[in-house]
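Breakdown of the fold
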Amino acid sequence: MQKEIKPRVAPKLPADWDEQALDSLSTFPSARDFVLANWQKDPRGVNGLGVMLNHPAATKAFLGFNNHVSIKSSLSKRIRELLILRISWLRRSEYEFIQHVVLGLRAGLTDAEIERLQYGPDAAGWDPIDADLVRAADELMADACISDATFARLSQNFSTEQIIDMIYAVGCYEIAAMMFKTLGAQLEPGVTPLSDEVRARMYEQKK
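The text that follows walks through the structure, step by step, so that each part is easy to find. Everything numeric in this text was worked out from a predicted model, so none of it was measured.

Two elements in contact, helix α4 (residues 56-72) and helix α10 (residues 160-183), have axes whose closest approach is 10 Å; the angle formed by their N-to-C orientations is 135°. Compared by their axis directions, α4 and α10 come out oblique. Taken as a pair, α4 and α10 cross one another with a handedness that is left-handed. Residues Phe62, Phe65, Asn66, His68, Val69 and Ser70 of α4 touch α10, and the partners they reach there are Asp165, Tyr168, Ala169, Cys172, Tyr173, Ile175 and Ala176.

Structure (structure tokens):
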């Protein structure tokens, strides 16, 4: 298991975004506009988008999907971020996890919940619905399928459309984790890395 993610592909930074790059980013306009407006003073996300822009056509297609998951999903922002953080944690995608801790807190997750999700659905203190959301992410990663029991409980509180959006959220950010880790996306300057304690916990987790 590779713990240190080394840079493999140079990110394309906004100063070098040409017409093709901007067209690629047009399918996720809020991400594009955030990075363009803030990258020199708050560069979060620029390296993730930047490494993907080495293949603009494929990135355009992926970001259309990502835009649905992040903006147009039938799930609340809080639920989306809970699922994204869990799959990021399971995939040991430090870059993705760190980015979404910020977004998760903004969406209403607490520091305690972000710590709890690191221990999984059976950790003490979960609301039963939240526990099943975390469990769904675990089951999707382990078997590409939410189990009958978990599906039945989720169906008591969520529509079929919402459960489909759960699958899309986990799948989208599993792809993103593969991208960031394989291409070696690095934390941007000024972004705080995981503490030694949390990082050790991430890599010691059983799969």
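Taken as a whole and judged by the stated rule, the model has zero disulfides. Distance from the sulfur of cysteine 145, which forms no disulfide, to the nearest cysteine sulfur (cysteine 172) is 20 Å.

Right, let's talk about the layout of surface pockets for a bit. Within this model, the largest pocket holds a volume of roughly 780 Å³. Taken together, 28 residues form the lining of the largest pocket, with Phe28, Ala31, His100, Leu103 and Tyr173 sitting closest to its centre. Listed by contribution, the elements that provide at least two residues to the lining of the largest pocket are α2 (29-38), α3 (46-52), α4, α5 (77-90), α6 (94-106) and α10. The leading source of residues in the lining of the largest pocket is α6, at six residues. Lining the second largest pocket are 16 residues; nearest its centre among them are Ile5, Glu94, Tyr95, Ala185 and Leu187. Every element with two or more residues in the lining of the second largest pocket is listed here: α6 and α10. Looking at side-chain class alone, the lining of the second largest pocket contains eight nonpolar, two polar and six charged residues.

Counting 56 residues, the largest nonpolar core has Leu83, Phe97, Leu133, Leu154, Phe158 and Met166 as the members making the most contacts within it. Setting aside chain neighbours within four positions, we find leucine 133 in contact with Ile79, Leu82, Leu83, Leu154, Phe158 and Met166.

Next up on the list: α4. When the terminal C-alpha atoms of α4 are compared, their 22 Å separation across 17 residues agrees well with the 24 Å that a helix rising 1.5 Å per residue should span. Turning to α4, its buried residues are Pro56, Thr59, Phe62, Leu63, Asn66, Asn67, Val69 and Ser70. Summarising the contacts, the buried residues of α4 are in contact with α1 (19-25), α2, α3, α5 and α10.

Looking now at the environment of alanine 107. Position of alanine 107 among the secondary structure elements: in the loop between α6 and α7 (111-116). Remark: the alpha-carbon pair of alanine 107 and glutamate 81, spanning 26 residues in sequence, is separated by 7.3 Å. Discounting residues that sit within four places of it in the chain, alanine 107 has contacts with Lys77, Arg78 and Glu81.

Calculation criteria
Residues numbered from 1 in each chain as written. Predicted model: local features only at pLDDT ≥ 70, side-chain atom pairs only at ≥ 80, totals over all residues. Heavy atoms only, no water. Axes fitted to C-alpha atoms, helices over the stretch in contact; angles between N-to-C directions. Helix = DSSP H or I, 4+ residues; strand = E, 2+ residues; numbered from the N terminus. Parallel < 35°, antiparallel > 145°, perpendicular 65-115°, else oblique. Left-handed = near helix turned anticlockwise from the far one by under 90°. Contact = heavy atoms within 4.5 Å. Disulfide = S-S within 2.5 Å. 1 Å grid on protein atoms, 1.4 Å probe; cavity = no way out; pocket = protein on both sides within 12 Å on 5 of 7 lines; lining within 4 Å. Points joined across faces, edges and corners; volume = space filled by probe spheres on them. Nonpolar A, V, L, I, M, F, W, Y, C, P; charged D, E, K, R; others polar. Core = buried A, V, L, I, M, F, W, Y, C linked by side-chain atoms within 4.5 Å. Buried < 20%, exposed > 50% of the residue type's maximum accessible area, 1.4 Å probe, protein only. Expected span 1.5 Å × (residues − 1).

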